[in-house]
Amino acid sequence: MYFYLALVAGILSAIAFLVIRVKKGGVAGLLAKTFASVCFIITAFAAVKVNPNGLDWFMYVALGLIFGMIGDITLDLKVVYPEKSSVYLASGMTAFTIGHIFFIVGMAIHYGIHWAVPVVAIVVGIIAVLLGPTLKLDYGKFKIPSMVYGITLAFTACMSGYVMVVSNFKTAYIIMFVGAVSFLLSDLILSGMYFGKDKNTPVNVVINHALYYIAQLLIASTVFFI
């Protein structure tokens, strides 16, 4: 019951944030986003309360989600204080990178890493940034940080896919894979919003954040099914 209540609260808070973000933005949007992010952390805590056997995995998930929340806050500060946008963008990318590293390490400790996982992740991350001009994206001074983050993000997606297979498609890792792919899609849209022209539209804002909160809530939910 605790887990499902927390999950519903997370979904409702994410929807409320999207409404506030589109209609008002600013500090109100930041506060709503922070609350929604706290809710996906609470979901993970509720999940481990119901399923204590998931404690080992929970520790990595919780740390990943906490750094995700830090990234959420700093990225929205970029919107609230545009004069310091570069600082907040760099801080947000760093926080999310650290968060994904915790997800990766947690999976690696339980299932190891196949050599193909980092290779594919590196290739995908590099190609994604090199295709920037073709996609009309100008990364500017964030070209290398974007590449590093892209590799880390792709690593999480590839790693979760690998673990899903070697675990014989356990429910927790199917959910983790869907969450990781949703995260990847969310950030692909976000790249266009940050580094492209005329792509920071309400529709993209909604799709980006909807995919993001789906991802984080799914990742938090893996603790319940582990």
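Residues numbered from 1 in each chain as written. Predicted model: local features only at pLDDT ≥ 70, side-chain atom pairs only at ≥ 80, totals over all residues. Heavy atoms only, no water.

## With respect to the overall build of the protein
Moving on, step 1. The helix and strand tally for the protein stands at eight helices and zero strands.
Moving on, step 2. Here the C-alpha atoms of the protein give a radius of gyration of 17 Å, agreeing with the 17 Å that 2.2 N^0.38 yields for 226 residues.
Moving on, step 3. Overall size of the protein, expressed as C-alpha extent along the three principal axes, is 45 × 40 × 25 Å.
Moving on, step 4. A buried classification covers 48% of the 226 residues belonging to the protein.
Moving on, step 5. Intrachain contacts of the protein at a sequence separation of at least 6 include 78% that bridge at least 24 residues.
Moving on, step 6. When the accessible area of the protein is evaluated, it comes to approximately 10800 Å², of which 74% is carbon and sulfur surface.
Moving on, step 7. In the protein, the 13 positive side-chain charges and the 7 negative ones have mean positions that sit 3 Å from each other. (Helix = DSSP H or I, 4+ residues; strand = E, 2+ residues; numbered from the N terminus. Rg over C-alpha atoms; globule rule 2.2 N^0.38 Å. Buried < 20%, exposed > 50% of the residue type's maximum accessible area, 1.4 Å probe, protein only. Contact = heavy atoms within 4.5 Å. Areas by Shrake-Rupley, 256 points an atom, 1.4 Å probe, with all protein chains shown as cover. Lys, Arg positive; Asp, Glu negative; His and termini not counted. Charge placed at Lys NZ, Arg CZ, Asp CG, Glu CD.)

## Quick look at the pattern of salt bridges
Moving on, step 1. Scanning the entire structure with this criterion turns up one salt bridge.
Moving on, step 2. Between D76 and K33 there is a salt bridge; the shortest N-O distance is 3.2 Å. Highlighted residues: D76 in helix α3 (residues 55-80) and K33 in helix α2 (residues 26-50), separated in sequence by 43 residues. Pair check on accessibility: D76 and K33 agree, each one buried. (Salt bridge = Lys/Arg side-chain N within 4 Å of Asp/Glu carboxyl O.)

## Quick word on unusual backbone geometry
Moving on, step 1. Positioned with a positive phi, K136 is a non-glycine residue whose angle comes to about 60°.
Moving on, step 2. Within the secondary structure, K136 sits in the loop between α5 (116-130) and α6 (143-166).
Moving on, step 3. By relative accessible area, which is 68% here, K136 ends up exposed.
Moving on, step 4. The phi angle at F169 is positive, at roughly 60°, despite the residue not being glycine.
Moving on, step 5. On the secondary structure map, F169 appears in the loop between α6 and α7 (171-195).
Moving on, step 6. The class of F169 is partly exposed, set by a relative accessible area of 48%.

## Focus on α6
Moving on, step 1. Counted at 1.5 Å a residue, the expected span for α6 with its 24 residues is 34 Å, and the 34 Å between its end C-alpha atoms agrees.
Moving on, step 2. Just beyond α6, the residue with positive phi is N168, at close to 65°. (Expected span 1.5 Å × (residues − 1).)

## Considerations on the packing of α2 against α3
Moving on, step 1. Closest axis-to-axis distance for the α2/α3 pair is 9 Å, and the angle between their directions is 180°. In terms of orientation, α2 lies roughly antiparallel with respect to α3.
Moving on, step 2. Grouping the amino acids of the contact of α2 with α3 by side-chain chemistry returns 17 nonpolar, four polar and three charged. (Axes fitted to C-alpha atoms, helices over the stretch in contact; angles between N-to-C directions. Parallel < 35°, antiparallel > 145°, perpendicular 65-115°, else oblique. Nonpolar A, V, L, I, M, F, W, Y, C, P; charged D, E, K, R; others polar.)

## As for the nonpolar core
Moving on, step 1. Counting 55 residues, the largest nonpolar core has L65 and F183 as the members making the most contacts within it.
Moving on, step 2. Elements supplying a minimum of two residues to this core: α1 (2-23), α2, α3, α4 (85-111), α5, α6, α7 and α8 (202-225).
Moving on, step 3. For this core, the leading source of residues is α6, giving nine residues.
Moving on, step 4. Every residue in contact with L65, bar those within four places of it in the chain, is listed here: F40, I41, A44, F103, Q216, I219 and A220. (Core = buried A, V, L, I, M, F, W, Y, C linked by side-chain atoms within 4.5 Å.)

## Focus on a nonpolar patch on the surface
Moving on, step 1. Together, W115, V119, V123, I127, L131 and L135 line one region of the surface with nonpolar side chains, adding up to about 580 Å² of accessible area.
Moving on, step 2. Classification of L135 by relative accessible area gives partly exposed; the value is 48%. (Patch = residues over 30% accessible without salt bridge, like charges linked within 9 Å, V, L, I, M, F, W, Y side chains within 5 Å.)

## Remarks on the side chain of S186
Moving on, step 1. As for its position among the elements, S186 is in helix α7.
Moving on, step 2. Residues contacting S186, with those up to four places away along its chain left out, are N208, L211 and Y212.

## Some details on the environment of G179
Moving on, step 1. Position of G179 relative to the elements: it lies in helix α7.
Moving on, step 2. Of the residues examined, G179 reaches a relative accessible area of 0% and is grouped as buried.
Moving on, step 3. Taking C-alpha positions, G179 is 16 Å from A47, a pair spaced 132 residues apart along the chain.
Moving on, step 4. When residues no more than four places from it in sequence are discounted, the contact partners of G179 are A215, L218 and I219.

Read these as spatial facts, not as claims about activity.
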